[in-house]
Amino acid sequence: AQTVTQSQPEMSVQEAETVTLSCTYDTSESDYYLFWYKQPPSRQMILVIRQEAYKQQNATENRFSVNFQKAAKSFSLKISDSQLGDAAMYFCAYRGFSGSARQLTFGSGTQLTVLP
Amino acid sequence: EAGVAQSPRYKIIEKRQSVAFWCNPISGHATLYWYQQILGQGPKLLIQFQNNGVVDDSQLPKDRFSAERLKGVDSTLKIQPAKLEDSAVYLCASSLAPRQGNYGYTFGSGTRLTVV
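Let me begin by describing the structure that accompanies this report. The model shown is predicted, which means the values in this text are computed figures rather than measured ones.

### Some remarks on the interface of chain B and chain A
Here's step 1: Facing the 28 residues of chain B at the interface are 20 residues of chain A.
Here's step 2: Both faces considered, chain B and chain A share a buried interface measuring about 2,100 Å² in area, 48% of it formed by carbon and sulfur atoms.
Here's step 3: Here chain B is connected to chain A by zero salt bridges.
Here's step 4: Remark: the boundary between chain B and chain A carries 10 residue pairs in polar contact (both at pLDDT 80 or more).

Have a look at this one:
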């Protein structure tokens, strides 16, 4: 079964600074998707960024970018120029293409605090 | 496009009572998921529907939880009787089929259930 591990339960960053959230995963598949979701206190899971495993180029979305290391099964999220509105719980997630891997599997989350 | 609608937003019940949650997915999304998110943890899949058929309910506690998806659109999740450990946020999500679209999920805002 696929597993997703987030080893940082909490992180903090100064406003306007850069922070990196870590994620590792375990899979035997060669083709899959990886996601970072943000969950503010409103509880709604908001897609931040996604990466297709067959693409070597790291995904970017404005201030958000990933460092995807397929061989190491690592998928970290970098937030540049952090803003107060970035404070939330961040979840790394995996979705494959076969069997139970087709379901979205989440890590345990990292609570990000942005300090003014 | 309209998002995934869920109701109620909050629910407080006594143990051994019953409760039901409702979800209306995004129009055109054939796949619907119910997740349970216990405080401080990542969401855990309870059940997955493809149209009105169950694809995976392996993690659904079937002695007390049930779910249905009427006409392949709306879905209800029921707990009867509730236990204290069922206190959690229940998230509904929908998605397109694999390799169709961006392959991500769209989540509702969830129902926060408190069992006392």
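### Comments concerning the sheet that holds strand E3 (residues 19-24) of chain B
Across a sheet, paired strands are connected by hydrogen bonds in the backbone, their directions being either parallel or antiparallel.
Residues and elements named next belong to chain B.
Here's step 1: Taken in spatial order, the four strands make up an open sheet running E1-E3-E8-E7, and their pairing is antiparallel. Since the sheet does not close on itself, it has two edges, and those belong to strand E1 (5-7) and strand E7 (65-69), each with one partner. Looking at each pair of strands side by side, their axes are set apart by 15° on average, direction ignored.
Here's step 2: Both E7 and strand E8 (residues 75-79) contribute to a ladder of five bridges, which runs antiparallel. Pairing of Arg69 across the sheet is with Ser75, part of E8.

### Re the state of the cysteines
Here's step 1: Per the counting criterion, the structure on display carries two disulfides over all chains.
Here's step 2: Covalently, Cys23 of chain A is tied to Cys92 of chain A through a disulfide, its sulfur atoms 2.0 Å apart. Given an S-S torsion of about -70°, the disulfide between Cys23 of chain A and Cys92 of chain A has left-handed geometry. In this pair, Cys23 of chain A sits in the loop between strand E3 (19-21) and strand E4 (24-26) while Cys92 of chain A sits in strand E10 (residues 88-95), placing the two residues 69 residues apart along the sequence.
Here's step 3: Residue classification places Cys92 of chain A among the buried residues on the basis of a relative accessible area of 0%.
Here's step 4: Across the disulfide from Cys23 of chain B sits Cys92 of chain B; the S-S distance is 1.9 Å. Residues Cys23 of chain B and Cys92 of chain B share a disulfide whose torsion about the S-S bond is about -70°; that sign makes it left-handed.

Rules of the game
Residues numbered from 1 in each chain as written. Chains lettered and ligands numbered in written order. Predicted model: local features only at pLDDT ≥ 70, side-chain atom pairs only at ≥ 80, totals over all residues. Heavy atoms only, no water. Contact = heavy atoms within 4.5 Å. Buried area = accessible area lost by both parts, 1.4 Å probe. Salt bridge = Lys/Arg side-chain N within 4 Å of Asp/Glu carboxyl O. Polar contact = N/O pair within 3.5 Å; in protein donor to acceptor, adjacent residues only side chain to side chain. Pairing = 2+ DSSP bridges. Helix = DSSP H or I, 4+ residues; strand = E, 2+ residues; numbered from the N terminus. Axes fitted to C-alpha atoms, helices over the stretch in contact; angles between N-to-C directions. Disulfide = S-S within 2.5 Å. Buried < 20%, exposed > 50% of the residue type's maximum accessible area, 1.4 Å probe, protein only.

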